[in-house]
Amino acid sequence: MAPPQLAEETTAMNLEAVREVGQAVSAAHLFTYLAPEAAQEAAEFGVTDRGPAYLAFRSAAMGAVPWQVTLAAFYNFSPRAVRAMDGVWDAAPPERWQAARFRAAGRAMRRVGVRMTAGRLAEARALIDPVVAATDYAGKALAAANASVALPPDPLVALWQQITVVREWRGDAHLVVLADNGVGPCDCLVLHTASGGLPTALARTTRRWNDEEWAAATARLVARGWLDSEATKADTALAGATLTDTGRAARERMEAETDEHCAALWAPIGDEGARRLAALVAPIADAFTAAGTFQGLRPT
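Residues numbered from 1 in each chain as written. Predicted model: local features only at pLDDT ≥ 70, side-chain atom pairs only at ≥ 80, totals over all residues. Heavy atoms only, no water.

Trainee: What am I meant to see in the packing of aromatic side chains here?
Mentor: The relation between two aromatic rings is expressed through the spacing of the ring centres and the mutual angle of the planes. Scanning all chains against the criterion turns up eight aromatic pairs. With 4.1 Å between their ring centres and 5° between their planes, F31 and F288 make a pair best called stacked. With F31 in the loop between α1 (15-30) and α2 (36-44) and F288 in helix α16 (residues 270-290), this residue pair connects regions lying 257 residues apart in the sequence. Members of the aromatic cluster, joined through ring pairs, are Y33, Y54, F74 and F77. Here K140 stacks its cationic end above the ring of W169, 4.5 Å away from the centre of that ring. (Phe/Tyr/Trp six-rings, centres within 6.5 Å; stacked < 30°, edge-to-face > 60°. Helix = DSSP H or I, 4+ residues; strand = E, 2+ residues; numbered from the N terminus. Lys NZ or Arg CZ within 6 Å of the ring centre and 35° of its normal.)

Below, the structure is given as structure tokens:
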């Protein structure tokens, strides 16, 4: 199937198409944080702690920045979680972490049997490349950093890197929305777990907000009417709270605001192109789902 004609001018996007392609690229990107190949590559540098390895892989595109810069870009991690990455650039410089990330992605996709023909890869690149080339990176630190990374020769991994660029672009845009709505770093994580987006235990282990900080964020969301009032009880707050109808509506509103930000991102290929790209990259997430890679992300 030939790709849709690229739009010469910015056109109004259907926000359902924006949401569909946003979810598809996020799903296609996600495996890299869970696949054992990433841990194996990090171990080659002598880094066996999952937290610093995650931070090094994801921030490598920005170069050897201080941990404070990574904290600013990642938003929902606590300072103590990100400070733990001190020393990763001594273990290996960012360009080696980036190369290792590419190796891990390629190895993982082939292990689970991601099936994308040369024609499908070429069609996907014909759609995503103009998006990456045309977008405005102002205020999009992680997306801009990833867009500056030279694409690897492996066609499947090169597509995955372009997916990473647009995935981080949406993430950068979402941080603007969170800040505009007065939802702080710990607050957004509590809200995310309450919605069922991530198990509370996993979120607390990886982001490392302490009991006092987590309880305070929970109390702020209760005060806004976004969490059930029972969440002010310490045991409930720390184990996981429940969204109210108001909270569910607020979260959906912020997702919709993020979609509005992202409409300009996908305008070069329009609704048809965005939906086609979503379908083209689906085999990546499908293969990892079938392999059980995402089971640990299911709330318990």
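That covers the picture; the talk isn't over yet.
Trainee: Hey, could you run me through the environment of T164 in this one?
Mentor: Looking at where T164 falls in the secondary structure, it is placed in helix α10 (residues 155-180). A relative accessible area of 0% means that T164 is categorised as buried. In the structure, T164 is positioned 135 residues away from H29 in sequence and 6.1 Å away in space, judged by C-alpha atoms. Every residue in contact with T164, bar those within four places of it in the chain, is listed here: H29, R101 and N146. (Buried < 20%, exposed > 50% of the residue type's maximum accessible area, 1.4 Å probe, protein only. Contact = heavy atoms within 4.5 Å.)

Trainee: Just to check I follow, could you spell out the environment of G292 for this structure?
Mentor: Along the chain, G292 turns up in the segment after α16. For G292, a relative accessible area of 25% gives the class partly exposed. Taking the C-alpha atoms as reference points, G292 and V112, separated by 180 residues in sequence, lie 9.7 Å from one another.

Trainee: Mind showing me how you'd approach the confidence of the model for the protein here?
Mentor: In low-pLDDT segments, the atomic positions of the prediction should not be examined closely. Looking at the protein as a whole, its pLDDT mean stands at 91, while 91% of the residues score no less than 70. When mean pLDDT is compared element by element in the protein, helix α7 (residues 94-111) scores highest at 98, while helix α14 (residues 234-239) scores lowest at 60. Confidence drops under pLDDT 50 across residues 1-10; counting only partners more than four residues distant or on other chains, this segment forms 16 contacts. (pLDDT = per-residue confidence, 0-100.)

Trainee: Would you mind showing me how to read helix α4 (residues 67-74) here?
Mentor: Helical geometry: 3.6 residues make up each α-helical turn, so side chains three or four residues apart lie on a common side. Here α4 has its buried residues at W67, T70, A73 and F74. Mapping the buried residues of α4 onto a view down its axis gives an arc of 120°, with all of them on the same face. Residue Y75 follows α4 closely and has a positive phi angle near 70°. (Arc of directions from axis to C-beta.)

Trainee: In this structure, what is going on with the pattern of salt bridges? I would like to understand it.
Mentor: It is possible for side chains bearing opposite charge to pair when their charged atoms get close. Applying the stated criterion across every chain, the model contains 18 salt bridges. Between D211 and R204 there is a salt bridge, with the nearest N and O atoms lying 2.7 Å from each other. Where salt bridges share partners, they join R19, R170, E252, E255 and D259 into one cluster. (Salt bridge = Lys/Arg side-chain N within 4 Å of Asp/Glu carboxyl O.)

Trainee: Looking at this structure, how should I read the environment of E44?
Mentor: Turning to its location among the elements, E44 is positioned in helix α2. Considered as a pair, E44 and L243 are 199 residues apart in the sequence and their alpha carbons are 42 Å apart.

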